[in-house]
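# Examining the three-dimensional arrangement
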Amino acid sequence: TQLLEQSPQFLSIQEGENLTVYCNSSSVFSSLQWYRQEPGEGPVLLVTVVTGGEVKKLKRLTFQFGDARKDSSLHITAAQPGDTGLYLCAGSGGSNYKLTFGKGTLLTVNP
Amino acid sequence: EPEVTQTPSHQVTQMGQEVILRCVPISNHLYFYWYRQILGQKVEFLVSFYNNEISEKSEIFDDQFSVERPDGSNFTLKIRSTKLEDSAMYFCASSTGPRNTIYFGEGSWLTVV
């Protein structure tokens, strides 16, 4: 069974601070996706990473896929209140069609 | 931007009743999925569907669940006899390929009373 552990579970910071959240597994994933979810809504895709060591940037968000494709991180620079939300990582691997989700990191950015 | 749409957004049903949740996947996508999220828990895979048949299903997807693509655009999840523990947000999703990016709908919130 593939499992994804996300840390921290909760994070509360002030506007302007930087932060990093982590997504770790003992399993290798062929690709990993980061989503953001607002309460009562569906996950909204932020990025997909597929190559070990890959780094992708989306404005103030930087995503990295580990060399061994077992872990990933999301770094946010100069966080803003609009960044508040639940950040989910989800991986797919092997012959599986399904995505395995982590429990998420609930980020609160205070003005 | 194309999106996955789901109806209803919220449904309340009595235990034992049948429920059908509907989804319109993104038009050029070939792979369709249902996931669910019980309040406060992680998003869980239910089933994947391709070429008019189930590709993979989880242990959650037992005999009371079924999926169907009745026409060229809709993809449905039927729960035959709902239980209290079926209360959850159900997400439809679609992708162009089996390991390509999966796009989610906004969800259908099912409350079983």
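The structure under discussion appears in the preceding block.
Summarised in this report is the structure supplied together with it. (Residues numbered from 1 in each chain as written. Chains lettered and ligands numbered in written order. Predicted model: local features only at pLDDT ≥ 70, side-chain atom pairs only at ≥ 80, totals over all residues. Heavy atoms only, no water.)

## Overview of the interface of chain A and chain B
A common way to state how big an interface is: give the accessible area lost once the parts meet. Listed per partner, the contact involves 24 residues of chain A and 21 residues of chain B. At the boundary of chain A with chain B, total buried surface from both sides reaches about 1800 Å², with 58% on carbon and sulfur atoms. Taken as a group, Tyr97, Lys98 and Phe101 of chain A account for 36% of the area that chain A buries against chain B, more than any other trio of residues on that side. For the pair chain A and chain B, the interface holds 0 salt bridges. Counting across the chain A and chain B interface gives 5 residue pairs in polar contact (both at pLDDT 80 or more). The leading source of residues in the side of chain A that touches chain B is strand β4 (residues 31-37) of chain A, at 4 residues. Among the residues making up the side of chain A that touches chain B, the classes are represented as 9 nonpolar, 12 polar and 3 charged. (Contact = heavy atoms within 4.5 Å. Buried area = accessible area lost by both parts, 1.4 Å probe. Salt bridge = Lys/Arg side-chain N within 4 Å of Asp/Glu carboxyl O. Polar contact = N/O pair within 3.5 Å; in protein donor to acceptor, adjacent residues only side chain to side chain. Helix = DSSP H or I, 4+ residues; strand = E, 2+ residues; numbered from the N terminus. Nonpolar A, V, L, I, M, F, W, Y, C, P; charged D, E, K, R; others polar.)

## Some details on the packing of aromatic side chains
Under the defined criterion, the tally for this structure stands at 14 aromatic pairs over all chains. An angle of 75° between the planes, with centres 5.8 Å apart, marks the rings of phenylalanine 101 of chain A and phenylalanine 104 of chain B as edge-to-face. Of the two residues, phenylalanine 101 of chain A sits in strand β10 (residues 100-101) while phenylalanine 104 of chain B sits in strand β10 (residues 103-104), which places them in two different chains. Looking at phenylalanine 104 of chain B, the relative accessible area reads 10%, which means it is buried. (Phe/Tyr/Trp six-rings, centres within 6.5 Å; stacked < 30°, edge-to-face > 60°. Buried < 20%, exposed > 50% of the residue type's maximum accessible area, 1.4 Å probe, protein only.)

## Re the sheet that holds strand β8 (residues 71-76) of chain A
Residue and element names in this part refer to chain A. Strand order in the open sheet formed by 5 strands is β1-β3-β8-β7-β6, with antiparallel pairing between adjacent strands. Two strands close off the open sheet at either side, each with one partner strand: β1 (5-7) and β6 (55-58). In this sheet, neighbouring strand axes are inclined to one another by 15° on average, regardless of whether the strands run parallel or antiparallel. Across 3 bridges, β1 lies against strand β3 (residues 19-24) in antiparallel orientation. The residue of β3 that forms the bridge with glutamate 5 is asparagine 24. (Pairing = 2+ DSSP bridges. Axes fitted to C-alpha atoms, helices over the stretch in contact; angles between N-to-C directions.)

## Points about the state of the cysteines
Summed over the entire model, instances satisfying the criterion amount to 2 disulfides over all chains. Here cysteine 23 of chain A connects covalently by a disulfide to cysteine 89 of chain A, the sulfurs 2.0 Å from one another. Taking the torsion about the S-S bond as the criterion, the cysteine 23 of chain A to cysteine 89 of chain A disulfide, at about 80°, is right-handed. Of the two residues, cysteine 23 of chain A is situated in strand β3 and cysteine 89 of chain A in strand β9 (residues 85-92); the sequence distance between them amounts to 66 residues. Take cysteine 23 of chain A: its relative accessible area is 0%, and that puts it in the buried class. Residue classification places cysteine 89 of chain A among the buried residues on the basis of a relative accessible area of 0%. Paired through a disulfide, cysteine 23 of chain B and cysteine 92 of chain B show a sulfur-sulfur distance of 1.9 Å. On the S-S bond that ties cysteine 23 of chain B to cysteine 92 of chain B, the torsion sits near -65°, and the link is left-handed. A residue pair is termed long-range when its members are at least 10 positions apart, and cysteine 23 of chain B in strand β3 (residues 19-24) and cysteine 92 of chain B in strand β9 (residues 88-95) qualify at 69 residues. (Disulfide = S-S within 2.5 Å.)

## Some remarks on the sheet that holds strand β1 (residues 5-7) of chain B
All names here are of chain B. Taken together, 4 strands build an open sheet; the order of strands is β1-β3-β8-β7 and the sheet is antiparallel. On the outer flanks of this sheet lie β1 and β7 (65-68), each paired with one strand and no other. Looking at each pair of strands side by side, their axes are set apart by 20° on average, direction ignored.

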